[in-house]
Amino acid sequence: MELKFWTTNLILAHRWTIARGSADQQEVVFIELKQDGLTGIGEASPSDRYQEEISTIEAFLKQVDSSRLSFTDIQGSMEYLEQVAPGNSAAKGALNIALLDGAAKRAGKAVYDLLGLGFREGKHVTSFSIGIDSPEIIRKKAIEAKDYSVLKLKVGMPGEKENLAALREVAPTVPARVDANEGWKTKEEALQKLEWLAADRHIEFCEQPMPASTPAVDLAWLKKRSPLPLMADEACISVKDIPHCAEFYHAVNVKLVKTGGISGGFETLSAARKAGLKTMLGCMIESSVLISAAAQLSELTDYLDLDGNLLISNDPYFGPTAEQGVISFANAPEKFGLRVVPRK
Ligand SMILES: [Mg+2]
């Protein structure tokens, strides 16, 4: 097995601000695994919230002995990667995605069929995210997003009320999700904000109102009183967190950069459903490689938030489309694996 990797700067169409910070670009690492004339593609989009950056991903990949990886033994390959170093979920995820891309191409199947899930066309709709901005820009972004049937608004910062009002001027009743990214610091503040959001009557749920590290007693207090379903994101890293999330939240946002790829995502979504949680697949700012990898697991979800590739202007890959938010592989240029190819 041959392993190649390189870094690419993804350029955001609009400056992207959430409660944690701002960015105009996102550096990601792409990888290729080659074995028996087949190429598997993977991607890592690191977040310092989860202790990863480009340098840690490169350092991890340099430690990997690619002769220990195989398209014919995903589980054995992942067990080897666990021995290389703990953590590094985005880096391991890139390798897991490339391994499954190769394994499915070898089997002459799409990854979703290799996993036994299938993919129903027309059933899977992603929200389109609007980051924190001035009300004037929010209005402009909401007009640009008029084709999407579900929006997601970032809150958790001063100006959030003006921003929701600006969104509602343009899209008064479109279903919306909100994400506070741990921005509300006390249970009282969080409850007050959730009551304000519930009064909108078209908000589906709120992601991560308080910090993931909030004491159990405060999380229980908020869950008992919240007028909106609460979704764990920063509090749901991997399958190990599902018992905690089932106790203190109603839903989870699963991302492949947190779970260590498609295999970990499959496991986390399955465990969440078994525990009675609603499930969503989310993303970082990322290309069509990671988006397509997540979309393979759509059948295990209630909601999708797979728009990271729609927010950038230089996606190096082409995979599923998202016309009006409907994720579709109908025109994907590749039939097998992730169903992604480099853009010419
Ligand atoms: Mg979130």
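Here is what the cut-offs are and how they apply
Residues numbered from 1 in each chain as written. Predicted model: local features only at pLDDT ≥ 70, side-chain atom pairs only at ≥ 80, totals over all residues. Heavy atoms only, no water. Donors = N, O, S within 2.8 Å, 3.2 Å for Na, K, Ca; no water. Helix = DSSP H or I, 4+ residues; strand = E, 2+ residues; numbered from the N terminus. Buried < 20%, exposed > 50% of the residue type's maximum accessible area, 1.4 Å probe, protein only. Expected span 1.5 Å × (residues − 1). Contact = heavy atoms within 4.5 Å. Axes fitted to C-alpha atoms, helices over the stretch in contact; angles between N-to-C directions. Parallel < 35°, antiparallel > 145°, perpendicular 65-115°, else oblique. Left-handed = near helix turned anticlockwise from the far one by under 90°. Nonpolar A, V, L, I, M, F, W, Y, C, P; charged D, E, K, R; others polar.

## A few points about the coordination of the magnesium ion
Surrounding the magnesium ion are the protein donor atoms Asp179 (OD), Glu207 (OE) and Asp233 (OD), which sit 2.1 to 2.2 Å from the metal. Written as a sequence motif, the donor arrangement for the magnesium ion is D-x27-E-x25-D. Separated by 54 residues along the polypeptide, Asp179 in strand 6 (residues 176-179) and Asp233 in the loop between strand 8 (230-232) and helix 9 (242-248) bring together distant segments of the chain. Asp233 carries the same exposure label as Asp179, and that label is buried.

## Some thoughts on helix 7 (residues 187-198)
Taking 1.5 Å per residue as the helical rise, helix 7 with its twelve residues ought to reach 16 Å, and the 16 Å between its terminal C-alpha atoms agrees with that figure. All of the buried residues along helix 7 are Lys187, Ala190, Leu191, Lys193, Leu194, Trp196 and Leu197. Where helix 7 is buried, its residues touch helix 6 (160-170), strand 6, strand 7 (203-207), helix 8 (216-225) and strand 8.

## Thoughts on the packing of helix 6 against helix 7
Closest axis-to-axis distance for the helix 6/helix 7 pair is 12 Å, and the angle between their directions is 15°. Our classification of the angle between helix 6 and helix 7 gives roughly parallel. Relative to helix 7, the crossing made by helix 6 is right-handed. Contact with helix 6, carried on its side by Glu160, Lys161 and Leu164, involves Lys193, Trp196 and Leu197 of helix 7 and no other residues of that element. Tallied by class, residues from the contact of helix 6 with helix 7 come to three nonpolar, no polar and three charged.

By themselves, these are just geometric observations and shouldn't be taken as functional.
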